[in-house]
Amino acid sequence: MKKLILPLLLLFTGFNHARSQIYEIVNQIPSLLSPALSGSGSYKGSLEAGWSKTLGNKNADFLEISTSQGYQYNSWFYMGAGMGADILFAHQNDDWGESWTPDYPSFAAHSSTKTAVMLPIFTDFKATFGAPDKVGFYIDLRIGCSFLLSDKYIEIGDGYLTNREYFYLRPSLGFRIPTSTNHPKQAIDVGVSYKLLTSNYWNSYSRSTTLNSLGVTVAYEW
C-alpha cells in the first residue's frame, strides 16, 4: 500500500499541473483572438477575387476567390496563411479525336466534366513598398497545395486531369491603393499574377503535366 502512495501523489500532482496549464491556455485564448476580431495590433486580413487563363494547348480559365489572414510584422512585411476556391473552366481540344479509347477503355468509361472546383491552401508572403497612407507597390508569393473537389476527370487539352492533389505556386505584383488616410491599413490591391499547378495528367502520351496561367487580381485588405 505504501508503495502505491508515492505514484498516486505524483499522478495527482501531475494531473493538477496539467489542468492548471490547460486552464491558463484557455484563459489566454481571448487575448490571442482579440487582435484578429478587432483588427487591432499587427493582425491583417484580405479578401481577393481574380481571373486567370492557362498558357499552351491545355486551355482552361480560372475564376478565383481567396482570403489570407496573418500578421504585419513591420511596415513592409506580411506573412499569413489562406485558402480559396478556384472554379476551373476547361476547354477540350476537339481535334484530338477518340482514337485512344479502344486501348484505354477504363478511362473512356470514367465520368468526366469540363467544370470543377479546386481548393488552394497556402502560406502567404507579401512585401509592400511605400508609405502606408500613399499609393505603393507590392510583391506577393503564395506557396501550398490545391485539391480537386471532384470525383470526375477533367477534360482539358488532349486528355484528362486525373489527380486530386496539386502543387500550388502563385507570385503576383501590383499596386496598393489606401482607401482612407485615416485608416491606412485598409486598401485596395490591383495586380497581375502567375500561377503554377503541377499534377498527374493522363492522355495517350503522358501522365504528368504543368499548368501555367496568367491572371489579374483585385483585393481588399484591412
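Basis of the calculations
- The numbers attached to residues start from 1 for each chain and follow its sequence in the written order.
- Whole-chain, interface and lining totals are the exception, using all residues; otherwise, since this is a predicted model, local features are given only for residues with pLDDT of at least 70 and side-chain atom pairs are given and counted only at 80 or more.
- Excluding hydrogens and water, the side-chain figures rest on all heavy atoms present in the structure.
- Helix and strand definitions here come from DSSP, where helices need a minimum of 4 consecutive H or I residues and strands a minimum of 2 consecutive E residues; each element is numbered from the N-terminal end.
- The cut-offs for exposure are 20% and 50% of the maximum accessible area for each residue type, with area from a 1.4 Å probe on protein chains only; residues under the lower value are buried, those over the upper are exposed, and the others partly exposed.
- Using a 1.4 Å probe, accessible areas were evaluated by the Shrake-Rupley method; residue-level cover was limited to the displayed protein chains.
- In this analysis a 1.4 Å probe is tested at points of a 1 Å grid over the protein atoms alone, and where it fits but cannot get out there is a cavity; an open set with protein on both sides within 12 Å along at least five of seven lines is a pocket; lining residues have an atom within 4 Å of a point.
- Grid points are joined across faces, edges and corners, and a volume is the space filled by probe spheres set on the points.
- Polar here means any residue other than Ala, Val, Leu, Ile, Met, Phe, Trp, Tyr, Cys and Pro, which are nonpolar, and Asp, Glu, Lys and Arg, which are charged; Gly is therefore polar.
- Definition of nonpolar core: a set of buried residues of the types Ala, Val, Leu, Ile, Met, Phe, Trp, Tyr and Cys, connected through side-chain atoms within 4.5 Å.
- Here the aromatic set is Phe, Tyr and Trp, taking the six-membered ring for Trp, and pairing holds for ring centres within 6.5 Å; pairs whose planes are under 30 degrees apart are stacked, those over 60 apart are edge-to-face, and all others are tilted.
- Put simply, a charge is over a ring when the Lys NZ or the Arg CZ is close to the ring centre, within 6 Å, and near the line of the ring normal, within 35 degrees.
- Each reported salt bridge corresponds to a side-chain nitrogen of Lys or Arg within 4 Å of a carboxyl oxygen of Asp or Glu.

What about the overall build of the protein?
Phase 1: Summing up its helical and strand segments, the protein has two helices and eleven strands in all.
Phase 2: Across the protein, helices and strands are ordered from the amino to the carboxyl terminus as α-β-β-β-α-β-β-β-β-β-β-β-β.
Phase 3: With 222 residues in all, the protein has 36% of them scored as buried.
Phase 4: As displayed, the protein offers around 12,800 Å² of accessible surface, 66% of which is attributable to carbon and sulfur atoms.

Things to note about the layout of surface pockets
Phase 1: Looking at the largest pocket, its volume works out to about 410 Å³.
Phase 2: Surrounding the largest pocket, 33 residues form its lining, Lys44, Gln72, Thr128, Arg176 and Glu221 being those nearest its centre.
Phase 3: Element by element, the count of residues in the lining of the largest pocket is highest for strand S1 (residues 43-54), at five residues.
Phase 4: For the lining of the largest pocket, a count of residues per class yields eight nonpolar, 13 polar and twelve charged.

Re empty space enclosed by the protein
Phase 1: According to the stated counting rule, one finds one cavity of 30 Å³ or more in the structure shown.
Phase 2: By volume, the largest cavity is sized at about 50 Å³.
Phase 3: Glu48, Gly50, Glu64, Ile65, Ser66, Asp86, Pro120, Phe122, Arg142, Tyr168 and Arg170 together form the lining of the largest cavity.
Phase 4: Those elements giving two or more residues to the lining of the largest cavity turn out to be S1, strand S2 (60-72), strand S5 (115-129) and strand S9 (165-178).
Phase 5: Looking at the lining of the largest cavity element by element, the count peaks at three residues for S2.
Phase 6: Per-class residue counts for the lining of the largest cavity are four nonpolar, two polar and five charged.

Quick notes on the environment of alanine 131
Phase 1: When you line up the elements, alanine 131 lands in the loop between S5 and strand S6 (136-148).
Phase 2: Residues alanine 131 and serine 75 lie 56 residues apart in sequence; the distance between their C-alpha atoms is 8.3 Å.

Some points on the nonpolar core
Phase 1: Counting residues in each nonpolar core, the largest one holds 15 residues, and the members touching the most others are Ile154, Leu161 and Leu197.
Phase 2: Going through the elements one at a time, S2, strand S3 (77-90), S5, strand S7 (153-156) and S9 are the ones with two or more residues in this core.
Phase 3: The greatest single-element share of this core, amounting to three residues, is contributed by S5.

With respect to the packing of aromatic side chains
Phase 1: Tallying each qualifying case throughout the model produces seven aromatic pairs.
Phase 2: Here the aromatic rings of tyrosine 73 and phenylalanine 77 are separated by 6.1 Å at their centres, their planes lie at 35°, and the arrangement is tilted.
Phase 3: Given a relative accessible area of 51%, tyrosine 73 falls into the exposed group.
Phase 4: Ring plane angle 75° and centroid distance 6.4 Å describe the contact between phenylalanine 137 and phenylalanine 175, whose orientation is recorded as edge-to-face. Here the residue phenylalanine 137 occupies a position in strand S6, and phenylalanine 175 occupies one in strand S9, the gap between them amounting to 38 residues.
Phase 5: Cluster of aromatic residues (ring-pair linked, three or more members): Tyr73, Trp76 and Phe77.
Phase 6: In this arrangement the basic side chain of lysine 126 is found over the ring face of tyrosine 138, its NZ or CZ atom lying 4.6 Å from the centre.
Phase 7: The ring centre of phenylalanine 62 lies 3.6 Å from the NZ or CZ of lysine 195, which sits over that ring.

Comments concerning the pattern of salt bridges
Phase 1: Taken as a whole and assessed by the stated rule, the structure comprises 14 salt bridges.
Phase 2: Where lysine 126 meets glutamate 221, a salt bridge forms, and the shortest distance between an N and an O atom there is 2.9 Å. Of this pair, lysine 126 sits in strand S5 while glutamate 221 sits in strand S11 (residues 208-221), and the two are 95 residues apart along the sequence.
Phase 3: Lysine 126 gets classed as buried once you look at its relative accessible area, which sits at 11%.
Phase 4: Classification of glutamate 221 by relative accessible area gives buried; the value is 2%.

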